[in-house]
Structure formats: C-alpha cells, structure tokens
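These are the residues of each chain, in order.
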Amino acid sequence: MDSLVVTGLVRRYDGVPVNDGIDLTVRAGEVFGLLGPNGAGKTTLVRQLVGLLRPDAGRISLLGRPVDRRLVAGAVAYLPQADLAIADLSVRRALETTAVLRGLGRSGARAVTAAILDELGLQSLADRQVGRLSGGQRRLAAFATVLAGERPVLVLDEPTTGLDPTSRRAVWAAIERRRAERGASVVLVTHNVLEAETVLDRVAVLDAGRVLACDTPGRLKARFGDALRLELVWRDEPPLGDLLVDELAARAVVLGRRWQLRLPAEEARSALAALTSGPALRALDDFTLATPSLEDVYVSLGSSADLERV
Amino acid sequence: MTPSAVPRLGTRPSLAAATGAVYAGQIARARTARVPLLFVAAFQSIGILLLLRGVVAHHDDLTGRVVVAGTTVLVAAFVCLNLLAQRVGVLRAEGGLDHYAALDVPGAAVALGAAASYATLMIPGAVITAFVGASLFDLPYGRLWILAPVLPLVGAALAGVGTLIGLLAPKHELATVAGQLGMSAVLFLGIIPEHRFPLVLQWVRDAVPSTYAVDALADTFATHVDWTGVGVDLVVCLAVAVVTLGLAGAVFRRSVR
C-alpha cells in the first residue's frame, strides 16, 4: 500500500495558489523528498499532509484512508519548522512528554528517550534547555522528538537545517534505520542538494506551487545526458583576448570571478585541458569539473531561485 | 514490512496524560522565569497596597478589604490573563501549537494544561500579596484559608479568558494589548468598592469574572461573613472557568485548520 497519495491538491492564500494542482505518491518504505527554494510551497504541502491545513481542492490519502488529525496522530511523526512548544523543556523532558503524547506510559517513555539520546549522541545535552542550545543542537533535539514513539510515516520539514556535518549524518542514519529496520516511509523537505542526493529514494522538485519533476535523483540527473558542469574561478580579471577564454566567456554564467558552464563531456574535458596547459592557467585560482547535480536539474527545469549547496 | 502490509498505528494518550504533558511543557517556561515573574507580579500589587495604605482611612474597613482582595486578584490577572494571552498568541503565531495539533492532543488538554501551569505560577505571588495586605490593613490572617479555593478558581477563569484572547487575536501583538487591557480592567474594577462606581460601571463590574473572586475574598475578611454569598461567587468563578476553558479547547481545535 502507498503511504501517501496526493491528487490535484490546491491551496490558496488570499486567492494566490501556493499549491497549484499537486499530484504525488509516497510508497511504503520510501524516503521521498520535496526539493525547492523558499516559497515553493513545500511547507504548505506538508502541513496539509499532516492535517494542519485543509486543502482548497484535491485529496490526500494516508495509508489508504482520507487524512484527518486522528489518523495523522496515530500514523505520522511530524517535525515542523518551529519548535517553540518544546523550547522551555530540557531535551530529555521534551522527548519524554512527546513520547507520552504518542501514547507511551511513563516508563516506556523514559526507555525510548534514553535510546534516542544515545542514538543521536545527545546524552551530554540531555538536561539542557532546548531553547538555550545552539541553532544546530536545537534542531537536532527537535528531530529527536520525532523518533519518540514509533510511527510508520515520518514527515520532516527541513530536519537538518543548521546542523554540523556530524549531526547531519546522525540524522540521515536515524532516518535510514527507521526505513530499513522498521519499514517507515519518510517525507523529507529540503533545499539542500547534498541531502537530496544522499538520502532520497525519489524526489519531487517544487517551484511556485507546482511539481516540476518527480523521479529518482539518478534518473533526474540522467536527463542531462553526458553534460558536465565546469566551474572556473579567476584570481583577478579573466584573461580576455585568449581565444578559448573569450569563447567560454560567451557561454558562461558569470558570478563575479566565478564562471559556470554546462558543456558536453568531451568539450568540457578538452576546454579544461587547454586552459590548464596554456597561459590562462596563471590567471586561474580554482576549477572544478563535475557530473550534473540535482541543482543542475533544478536550474534546467526553469526554477527561479538557487538551491543551497553544502 | 511488506509493501502490502498495513502498518500498526500508534495509540492516543489519556486526557489526563495529555493534560499533564502540556502542563509540564508550559510550567517549564514558568520555572525558567520564576524569580523575575514573582517579582513583577507580586511587587506590582504590593506597591499598590502600600500606596493605598497611605490613602485609605484607618476606620474604612470595607475599602481596606476590597483593596487587599483586588490586589491579590490582580496577581492572578497579571499572570493568568495578561501573560498567558501573550504566550498563547506567540505560540499560535509562530507555529508552536502545531506540535500539539499534529499529535492530536485534545483541545481540552491544551487549554487545561496551559491554564493550570500559569495558575500554579501565580499562586505564590498572590499568597504573598494577600499576607502583606492583611498585615497592612489589619485583616484577620485566620480567614486567608479562603485563598485555597479562590486562587485556583479565579486562576482557571482568567486563564480561560487569557487562552481565548491568545487564540482569537488576529495578531499576537493584539493579544498582548488585549491581555494588558484586561488586566487594567481587573485592577480598576477590583480595588474600588462597588458602591463608589456609577450604575453603568457597576454593571460592567458584574460582567468581569474577577469581580466574583474579589467579592469572595473581601467578604470573607468581614466581621460577619455571608457564606452563601461567598459560595455563589465561587460557583460563578467555576462556571466561567468551565465555559472559557471549554471554548478555548474548541477554538484550539478549529484554529489550526
């Protein structure tokens, strides 16, 4: 059975559609991503998925039943962007009370809390107040509450924003364990390309309230064929007048001293070889040649905003 | 889990467990701000007591009783009406209530838990104020036991109003303003004896829930106590608490959609 099926979803604010005819399916045991810039409608979409907002049109089915708050509470652990409700609690108390609110008894809540603190490496922060932690630690504590009281579906709105790389990997590992060992389905909102490429089975790219594309990260990237991304960073002024540099300049997206080019693989390799063996090398500060990322997919889909690359 | 299996759904907590969890969440806030809050809540009222001790004639027993009762209830209004309205307004505006709504915490548990936590926080300041007032105005300490039923009831009634303001105000800044205005009304209508108001303001006074707590307290300090009247006043406080907290629960359930 599919975990979530969204059909023709429309939600407007003041007459302006924030979700504009969204269709998507999250399969059981899948880590499904919603990728898009700020204002793409991702949070509005997930708030409808968890019954906090009523759609203006369309249907949402959760585990085969129309979504409502009672069903959501039994089936979904939701991580909102705001954590004000737990900010005054210690990390331990936040986990315990959340576990109690998910129906566990006191002793069960304590046992689950101890296990999660251990899993996420939060023991040293257990008795600190959530609101007084650093931004990243605070986000990790909020994520921990999602795991307190097992649910078959996790809906996570930007779980790793502000986390250091170690904590981010701890979150990804915890998500993967829930999926692999317990068959949980995960909906993960992100605007971080690295996160999207690392943990997602499938991803829907959203912009301006619409799904621009929905597929596995690999297949989305394959749309680029053999294109490569060449990035050149000049020390100072680029050596215009050099035939090759002039030719690249005409095709590059210029961001200050940084040039970005998308070229067929063979052309990219030969251009880089010529640059690094000729006089232009002295003017080069740095260069990268990379296979397409989801960001390239995203840009090619006509999105109006850039994604975060970490 | 095989793809076709229906996952096991989680269970719901009891109303008591849910209320306890909300209470714990909100009382934690109170704990971190306990000292400054006690200072502001009690010292505001004690300041008014000292000021009025200099104004009220020593033989004016009625005014003395009303002043002590009014300033004690003012502590409840400051914490349960003003601060709670602000807190709920901010929680709602910044998505903090989503945490409870997504867990399907019953509206009654959210309203009761939040109200109970702020009522708990108010009690020390109100008790201190009442003792200081009794000593300044030569009222019988032996009657202060009446605080035991009055404070929880007026706390619940005003917390119900405060929660409603926080949930219904279109912006959280307006919740703050409304909470402060409400507290000013409690102060103004609470520390002046009823017979000194013009008729219209006497009606307004009767419409404010805190009045019944003020009357219950002031009447208990009298030489001859009308216990029936005190009982009726307490029942009114209880009724207001039940109605406003019930409404707050219903509004909470609706407000997150």
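Note that the coordinates shown come from a computational prediction; the quantities given were computed from them, not determined experimentally. (Residues numbered from 1 in each chain as written. Chains lettered and ligands numbered in written order. Predicted model: local features only at pLDDT ≥ 70, side-chain atom pairs only at ≥ 80, totals over all residues.)

1. Digging into the confidence of the model for chain A
Threshold: pLDDT expresses how confident the predictor is about each individual residue, on a scale running from 0 to 100. For the purpose of contact definition, each residue receives a C-beta atom placed from its backbone, and two residues are in contact when these atoms lie within 7 Å.
Looking at chain A, the pLDDT average stands at 89 and 96% of residues meet or exceed 70. For the stretch residues 304-310 of chain A, pLDDT sits under 50, and the model shows 14 contacts to residues farther than four places along the chain or on other chains.

2. Some points on the sheet that holds strand β12 (residues 253-255) of chain A
Sheets are built from strands that pair by backbone hydrogen bonding, the pairs being arranged parallel or antiparallel. Residues and elements named next belong to chain A. The cut-off we apply is this: What makes two strands pair is DSSP finding at least two bridges between them. Here a helix means four or more residues in a row that DSSP labels H or I, a strand means two or more in a row labelled E, and each is numbered from the N terminus. Axis angles are defined between N-to-C directions and span 0 to 180 degrees, where every axis is a line fitted to C-alpha atoms and, for a helix, only to the segment in contact.
If you walk across this open sheet you meet the four strands as β12-β13-β11-β14, and the pairing is antiparallel. Only two strands of the sheet have a single partner each, and these edge strands are β12 and β14 (284-290). Within this sheet the neighbouring strands show an average axis-to-axis angle of 20 degrees, counted without direction. Inspection of the sheet shows strand β11 (residues 227-234) paired to β14 by six bridges, in the antiparallel sense. Paired with L232 across the strands is F287, a residue of β14. Against the sheet, helix α10 (residues 265-277) engages β11, β13 (258-264) and β14, with an angle of about 135 degrees to β13.

3. Remarks on the sheet that holds strand β1 (residues 4-13) of chain A
Residues and elements named next belong to chain A. On the basis of which strands lie adjacent, the open sheet formed by four strands has the order β2-β1-β4-β5 and antiparallel pairing. The two strands at the open ends of the sheet, each matched to only one other strand, are β2 (16-26) and β5 (65-66). Alignment of β1 against β2, held across eight bridges, turns out to be antiparallel. Within the sheet, the bridge partner assigned to Y13 lies in β2 and is V16.

4. A word on the interface of chain B and chain A
Heads up, the condition is: Charged means Asp, Glu, Lys or Arg here, nonpolar means Ala, Val, Leu, Ile, Met, Phe, Trp, Tyr, Cys or Pro, and polar covers whatever is left, Gly included.
With 32 residues of chain B at the contact, the number on the chain A side is 34 residues. For the side of chain B that touches chain A, the secondary-structure elements that each account for two or more residues are α1 (15-32) and α4 (97-102) of chain B. In terms of residue count, the dominant contributor to the side of chain B that touches chain A is α1 of chain B (eight residues). Split into classes, the residues belonging to the side of chain B that touches chain A amount to 18 nonpolar, eight polar and six charged.

5. Focus: the environment of S185 of chain A
All names here are of chain A. As a reminder, the rule being used: Residues with at least 20 neighbouring C-beta atoms inside 10 Å of their own are called buried, those with 12 or fewer are called exposed, and the rest are partly exposed, where every C-beta is derived from the backbone.
Within the element layout of this structure, S185 appears in strand β8 (residues 185-190). Assessed through the 27 C-beta atoms surrounding it within 10 Å, S185 is described here as buried. Sequence separation between S185 and R69 is 116 residues, and the spatial gap between their C-alpha atoms is 18 Å. Not counting residues within four places of it along the chain, the set of residues in contact with S185 comprises S3, V26, A28, G29, E30, P152 and V153.

6. Focus: the environment of L245 of chain B
Residues and elements named next belong to chain B. Tracing the chain through its elements places L245 in helix α10 (residues 227-255). Residue L245 is classed as buried on the basis of its 25 C-beta neighbours within 10 Å. Taking the C-alpha atoms as reference, L245 lies 24 Å from R34; in sequence the two are 211 residues apart. Setting aside residues no more than four positions away along its own chain, L245 makes contact with A111, L112, A115, A156 and G160.

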